[in-house]
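# Survey of secondary and tertiary structure
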Amino acid sequence: MGKVKNIMDKVLSAACAVLLSFMTLLATYQVISRYVFSSPSTMSEDLLSYSFVWVSLLGTALVFGQKDHMKLTIFSDRLKGINQFFLSIFTELLIMSIAIIVFLFGGTQVVGVGAIQISPTLNISMEWIYIVLPISGVLIVVYNFINIIQLIQQFKVSKKEGIL
């Protein structure tokens, strides 16, 4: 499982880095075209917005995979042993259920709506923009499974070593 997670981390990190680089170049082009040539590019503005959505959602999946998301640890820091283990599992299952409901089911419906919409400046189907919702949902769910497996393995090792 660790190898799969490492591969996913590297691919998502690279995708986010490429998207951020693309966004930087695009924003630079947009500023130059607007202020130097007095001819703003609407196409670059839309591309920048869509790229921002993609990098945000792919970055969200990456952050959940690395367990670097925002969390309040006031309660979890007070728990030890099996209680902390169950809270961690519950948290992963809660995140997974939200990802399934919002990103997978909701995202699939949004992609369906996007199939009948066309971006006016890029002249592409909006489903290509919205497809990132179910993609990031799948990634978050996979990361949740990996995190749960790792939590169980860590719990077994801790129990075996008598740490709990």
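See the structure printed just above.
A brief look at the structure comes next. (Residues numbered from 1 in each chain as written. Predicted model: local features only at pLDDT ≥ 70, side-chain atom pairs only at ≥ 80, totals over all residues. Heavy atoms only, no water.)

## What to know about unusual backbone geometry
Stated formally: Going along the chain from the N terminus, every DSSP run of H or I of four or more residues is numbered as a helix, and every run of E of two or more is numbered as a strand. Under the scheme applied here, a residue whose accessible area is under 20% of the maximum for its type counts as buried, over 50% as exposed, and between as partly exposed, the area being computed with a 1.4 Å probe on protein chains only.
Here Ser 38, not a glycine, exhibits a phi torsion of approximately 50 degrees, which is positive. Tracing the backbone shows Ser 38 in the loop between helix H1 (2-36) and helix H2 (42-65). For Ser 38, a relative accessible area of 62% corresponds to the exposed category. For Asn 123, which is not a glycine, the phi torsion comes out positive at approximately 60 degrees. Within the element layout of this structure, Asn 123 appears in the loop between helix H3 (81-114) and helix H4 (127-130).

## What about the nonpolar core?
Inclusion rule: Side-chain atoms within 4.5 Å are what join buried Ala, Val, Leu, Ile, Met, Phe, Trp, Tyr and Cys residues into a set we call a nonpolar core.
In terms of nonpolar packing, the biggest core is built from 27 residues, with Leu 12, Leu 58, Leu 139 and Ile 140 touching the most fellow members. Looking at this core, the elements with two or more residues in it are H1, H2, H3 and helix H5 (132-160). The element best represented in this core is H5, accounting for nine residues.

## A few points about a nonpolar patch on the surface
Which entries qualify depends on this criterion: Note that patches include only residues with greater than 30% relative accessible area and no salt bridge, and the join distances are 9 Å for like charges and 5 Å for nonpolar side chains (Val, Leu, Ile, Met, Phe, Trp, Tyr). All accessible areas in this document rest on Shrake-Rupley with a 1.4 Å probe, and a residue is counted as covered only by the protein chains that are shown. When a carboxyl oxygen of Asp or Glu lies within 4 Å of a side-chain nitrogen of Lys or Arg, that pair is called a salt bridge.
A cluster of nonpolar side chains, Phe 90, Leu 94, Ile 98, Ile 101, Val 102 and Phe 105, forms an exposed patch at the surface whose accessible area comes to about 620 Å². Note that Phe 90 resides in helix H3.

## Remarks on the environment of Tyr 35
Mapped onto the elements of the fold, Tyr 35 is located in helix H1. Sequence separation of Tyr 35 and Ala 115 is 80 residues, and the distance between their C-alpha atoms is 35 Å.

## A few points about the pattern of salt bridges
Across all of its chains, the model carries two salt bridges by this definition. One salt bridge in this structure joins Asp 9 and Lys 5, with 3.8 Å as the shortest N-O distance. Of this pair, Asp 9 and Lys 5 both sit in helix H1, separated by four residues, roughly a single helical turn. Each member of the pair, Asp 9 as well as Lys 5, carries the same accessibility label: buried. Residue Arg 34 is joined to Glu 45 by a salt bridge in which the shortest nitrogen-to-oxygen separation is 3.5 Å. Placement of Arg 34 in helix H1 and of Glu 45 in helix H2 is noted, with a sequence separation of eleven residues between them.

## Description of the environment of Val 18
Tracing the backbone shows Val 18 in helix H1. Between the C-alpha atoms of Val 18 and Val 55, which are 37 residues apart in sequence, the distance is 9.2 Å.

## Here's the deal with H3
Two residues of an α-helix separated by three or four positions point the same way, owing to the 3.6 residues in each turn. This is how it is decided: In a helix, the anticipated span is given by 1.5 Å times the number of residues less one. Bend at a residue means the angle formed by two fitted axes: the first through the 7 residues ending at that position, the second through the 7 residues beginning there. Two residues form a contact once any of their heavy atoms are found within 4.5 Å.
With 34 residues, H3 extends 47 Å between its outermost C-alpha atoms, agreeing within 8% with the 50 Å of an ideal straight helix rising 1.5 Å per residue. Along H3, the sharpest change in direction is near 30 degrees and occurs at Gly 107. Among all positions in H3, only Phe 85, Ile 89, Glu 92, Ile 95, Met 96, Ala 99, Phe 103, Gly 107, Val 111 and Gly 114 are buried. Elements in contact with the buried residues of H3: H2, H4 and H5.

## A short note on the packing of aromatic side chains
Cut-off, in case you're wondering: Working definition: a ring pair exists when centres of Phe, Tyr or Trp rings (six-membered ring for Trp) sit within 6.5 Å. Plane angles under 30 degrees give stacked, over 60 give edge-to-face, the rest tilted.
As enumerated under the stated definition, the model contains two aromatic pairs in all. Judged by centre distance (4.2 Å) and plane angle (20 degrees), the ring pair of Phe 85 and Phe 155 falls under stacked. Of the two residues, Phe 85 is situated in helix H3 and Phe 155 in helix H5; the sequence distance between them amounts to 70 residues. In this structure, Phe 85 and Phe 155 share a single accessibility class: buried. Chaining the aromatic ring pairs together yields one cluster made of Phe 85, Phe 86 and Phe 155.

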